[in-house]
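# Understanding the architecture of this molecule
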Amino acid sequence: RQYWLVVPAAGIGQRMQADRPKQYLQLRQRYILDITLSRLLDTGLFAGAMVPLHPDDRWFVGSDSASDARILTCTGGGDRSDSVLSGLDALAGRLSDDDWVLVHDVARPCVAAEDIRRLIVGLGEGDIGGLLAAPVSDTIKRQAADADSVSETVDRRALWRAFTPQQFRYGLLRTALGRARDRGVAVTDESSALEAMGYAPKLVRGRTDNIKITVPEDLPLAGWILDQLEH
Ligand code: CTP
Ligand code: MG
């Protein structure tokens, strides 16, 4: 079985409030996009990576990844799941339905090789797939419908935070994301598209320092985590 990556990178990084999409901000003189892709591909586990880009992307062409033969690009869509689906469509003909696809946010450069291997080993030759995730550690409050006050404390014992990579069989993932789009169901990760079809993706425990760079204060944190990982 082949393992392929789809790394959605078509977002504009609105919450980062920078002068460019956050994947083209730099950590130690490298684009976040280049760090993420090299950390994934340097595991040696993948046949290649498909990277959906924004139609107006002006930065990828000048990135280190642009000259890497293992990395292919396509045009992404209006939200994350559209971008992932366009990446899967662009891989048609290269993969068979039973091959594995790992979808990973370009904004998670701190992913550890150890986590990628644990996900792949944990899923084995299962039929469906699963995701890296971690149990919620904060106490969780539900907001009252009409105010900024607490209506209740949610029992967190069965709650997990979903990370990426999320790993699924190519054919099934494409079907699931296509159905979600056709039905107008908004899905913020791959697992939820499979869940909507009645499948139960496997939870594989991942490191909590696999952060998604979202707001400005995440940048120095990501730099520090990368220093620790590469030590
Ligand atoms: N993404 C994408 N296509 C979109 C929207 C998001 O490929 N139309 C990607 C982002 O590039 C990112 C991942 O999905 O790798 C997770 O999205 P998020 O962290 O929300 O990034 P942005 O959408 O860029 O940020 P924001 O929501 O703050 O604008
Ligand atoms: Mg977004």
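So, here's what we can say about the structure. (Residues numbered from 1 in each chain as written. Chains lettered and ligands numbered in written order. Predicted model: local features only at pLDDT ≥ 70, side-chain atom pairs only at ≥ 80, totals over all residues. Heavy atoms only, no water.)

### So, the packing of helix H2 (residues 80-90) against helix H4 (residues 170-182)
The test is simple: Only the stretch in contact is used when a helix axis is fitted, and all axes are lines through C-alpha atoms; the angle between N-to-C directions ranges over 0 to 180 degrees. Labels follow the DSSP assignment, with helices taken as runs of H or I lasting at least four residues and strands as runs of E lasting at least two, numbered in each case from the N terminus. Any angle that falls under 35 degrees is termed roughly parallel, while one over 145 is termed roughly antiparallel, one within 65 to 115 roughly perpendicular, and all others oblique. Left-handed is the label given to a crossing in which the near helix is rotated counterclockwise from the far helix by less than a right angle, and right-handed is the label when the rotation is clockwise. The contact definition used throughout considers only heavy atoms, calling two residues in contact when any of these lie within 4.5 Å. Gly falls in the polar group here, along with every residue not listed as nonpolar (Ala, Val, Leu, Ile, Met, Phe, Trp, Tyr, Cys, Pro) or charged (Asp, Glu, Lys, Arg).
H4 packs onto H2 with a crossing angle of 135° between their chain directions and a minimal axis gap of 10 Å. Considering their axes alone, H2 and H4 lie oblique with respect to each other. Considering the relative orientation of H2 and H4, their crossing is left-handed. Counting all contacts with H2, which are made through Ser81, Asp82, Val84, Leu85, Leu88 and Asp89, the residues of H4 involved are Tyr170, Leu173, Arg174, Leu177, Gly178 and Arg181. Class assignment for the residues of the contact of H2 with H4 results in six nonpolar, two polar and four charged.

### Considerations on the pattern of salt bridges
Here is the rule: Put simply, a salt bridge is a Lys or Arg side-chain nitrogen that is within 4 Å of an Asp or Glu carboxyl oxygen. Only protein chains enter the calculation, and the probe is 1.4 Å; a residue is then buried if its accessible area is under 20% of its type maximum, exposed if over 50%, and partly exposed in between.
Tallying each qualifying case throughout the model produces 18 salt bridges. Asp105 is paired through a salt bridge with Arg108; the nearest N and O atoms lie 3.1 Å apart. The buried category is assigned to Arg108, whose relative accessible area is 7%. The shortest N-O distance in the salt bridge between Asp209 and Arg207 comes to 2.7 Å. Where salt bridges share partners, they join Glu114, Asp115, Arg118, Arg207 and Asp209 into one cluster.

Taken by themselves, the reported measurements are silent on function.
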